[in-house]
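# Topology and contacts: notes
What follows is each chain in one-letter form.
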Amino acid sequence: MTLNNKLVVSASPHARSHETVRGIMLDVIIALVPALIASVIFFGPRALIIECVSVGSCVIAEYLSRLIMKRPHTIGDFSAVITGLLLAFNLPVSIELWKVALGAIVAIVVVKQFFGGIGQNFVNPALIGRIVLLASFPTAMSKWTAPLSWLNSVSKLEGITSASPLASIHALAKGGAMPVETLKEMLIGWRAGCLGETCAIALILGGIYLIARKVISPTIPLTYVGTVAVIMLIAGKGNLTFLAYELLGGGLMLGAIFMATDYTTSPITFKGKIIFAVGCGVLTSLIRLFGNLPEGVSYSIIIMNILVPLIEKATMPKPFGTPKKEKKEAEAK
Amino acid sequence: MAEKKSLGKEFSKGIIIENPVLRLVLGTCPTLATTTSVTSAIGMGISASIVLICSNIAISALRKVIPAKVRIPAYIVVIASFVTIVQMLVKAFVPVLNEQLGVYLPLIVVNCIILGRAEAFASKNGVLASAVDGLGMGIGFTAALFVMGTIREILGAGTFLAGFGGLIGNNFDGFSIPFLNSNPILIFILAPGGFFVFGLVMALANKLAESKGKPKAELKGCENCPMAKICNVRDKVEGCDKKEVEA
């Protein structure tokens, strides 16, 4: 009897993983928690409100669009929660709440559900949400609030506006002052910036958790950050302080660990991942060094997302045993 | 001639079922460029419609005179003449519109809706049917531009019909939308927003056309293609009926 149970004859696949979409998404949410806590500490209760509005709008938008399109519901897999969290992490604390909801709706409805829901989006939904908001409300999206100003400021919404350290370090070359933040402050996230991008330690902690749980492979984050580091080292003529500010400033850590590693919009093969991450790094550095914008992580990830099908095609592994001569024929098929 | 029977149909097909912008996806460039405000959308729609009707009539009347091999240059000459007339009239009587449309006004010459209708309809049908077809297509084009322009201007600038007085010669400056006026969602008047709105309105038009019992606009092989006579793709494509080409 026991033997019979072990000898099940069925069509492949025979080996199944116990991983579920929901389990993976829960792991990502756990990995985002340190950054979430850091954002609330540095930017106050309003950060939590923005995160709740963003997550709430994403989940409601996903529920309603699936309902209208008469498709099975997918809110149970928590992917909308992650989109909402990542979108909120990409927004400044002073932004109006209806703008947050608008970005969430664009992310879920236009980018994700119009293209078929989870696993079908051609670019990262949260990043498009951010880019749409950045193009629509340039002033509101680049109004930075100094950390902890929510404690001593009378008008909590206004806070104290402050330049982002990345803008300062770029202005340095043109005769500006050094960023007010020291490198140690940059590391713990004591700086102006988007909600979730400031605390590098919390983000790296989340990244290590994801890698340890084998949710993401370290290839993309390491290559991405490494490429930026090499280019910035050359651009800064070996100036390590400049390099450190570039790596810790802006949304590089958030983008490299949580956005560029999105399953749907990053390549599968190892070679493909390397090409993808190097492309992200080069574009980010080029936008930061030569572009009009101080920050280029979101645009570079989106551009590389669009290139992923081509990268996949170029790095498609050869079927085992295919002789060299037939390689072209196999590709043609 | 079976023209009279189908005149009503020739007219109404251009509005939704064969709407040039939303169903045939022609003239996309002027559509995206001029729908940033309702005023310029209406101006563009009307100018292009006038050229379309006139060129349809002229080309239909000349269809037996124009040799098949040089018909495209001949059509372009006809269309360009009407565009020049329209441009001169606009410059003289509505200079505001001329400034708003800029280069897109002379570019009506190469608007593929006009050349497309000349090639696909006017060159095969009588003068009256062609005029009605032009009118229907023109109204369809203007309506599509108006809908897109309305959405984009209200959301992206918080106004409606701003500067419309310039078209009709008074000081009317449109309406201001209360909340959006101070918080415009800029992306809607930028190119990406234009594509978003274009896609959504196109989906809506498909839905409307489907509800009228017409499935998605599709090319029915070579028979709908205006280039069928001179095109030799059929010889290379499997399953193409070679007899049709010879006939």
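Calculation notes
Residues numbered from 1 in each chain as written. Chains lettered and ligands numbered in written order. Predicted model: local features only at pLDDT ≥ 70, side-chain atom pairs only at ≥ 80, totals over all residues. Heavy atoms only, no water. Domains from an automatic or database assignment. Contact = heavy atoms within 4.5 Å. Buried area = accessible area lost by both parts, 1.4 Å probe. Salt bridge = Lys/Arg side-chain N within 4 Å of Asp/Glu carboxyl O. Helix = DSSP H or I, 4+ residues; strand = E, 2+ residues; numbered from the N terminus. Nonpolar A, V, L, I, M, F, W, Y, C, P; charged D, E, K, R; others polar. Buried < 20%, exposed > 50% of the residue type's maximum accessible area, 1.4 Å probe, protein only. Axes fitted to C-alpha atoms, helices over the stretch in contact; angles between N-to-C directions. Left-handed = near helix turned anticlockwise from the far one by under 90°.

### What about the domain arrangement of chain A?
Residue and element names in this part refer to chain A. If you check the domain split of chain A, you get domain 1 (21-139) and domain 2 (162-314). Taken over C-alpha atoms, the centre of domain 1 sits 20 Å from the centre of domain 2. Domain 1 puts 33 residues into the contact, and the matching count from domain 2 is 32 residues. Across the domain 1 to domain 2 interface the summed buried area is about 2,700 Å²; carbon plus sulfur atoms make up 74%. Run the count over domain 1 and domain 2 and you get one salt bridge. Put simply, R213 and D27 hold a salt bridge, and the shortest N to O gap is 3.1 Å. When contributions to the side of domain 1 that touches domain 2 are tallied by element, the ones reaching two or more residues are helix 2 (21-43), helix 3 (45-68), helix 4 (79-89) and helix 6 (125-136). Sort the elements by how many residues they give to the side of domain 1 that touches domain 2 and helix 2 lands first, with twelve residues. When the residues that make up the side of domain 1 that touches domain 2 are grouped by side-chain class, the tally is 24 nonpolar, six polar and three charged.

### Overview of the environment of F146 of chain B
Residues and elements named next belong to chain B. Topologically, F146 is positioned in helix 7 (residues 127-157). The class of F146 is partly exposed, set by a relative accessible area of 34%. Among residues more than four places away in sequence, those in contact with F146 are V38, I42 and F160.

### Some words on the packing of helix 4 of chain A against helix 6 of chain A
To describe two helices that pack against each other, one gives the angle between their axes and the distance between the axes. Residues and elements named next belong to chain A. Between helix 4 and helix 6, the shortest axis-to-axis distance is 8 Å and the interhelical angle comes to 40°. Note on packing geometry: the crossing formed by helix 4 with helix 6 is right-handed. Here T83, L86 and L87 of helix 4 lie close against helix 6, whose contacting residues are P125, A126, G129 and R130. Considered class by class, the residues forming the contact of helix 4 with helix 6 number four nonpolar, two polar and one charged.

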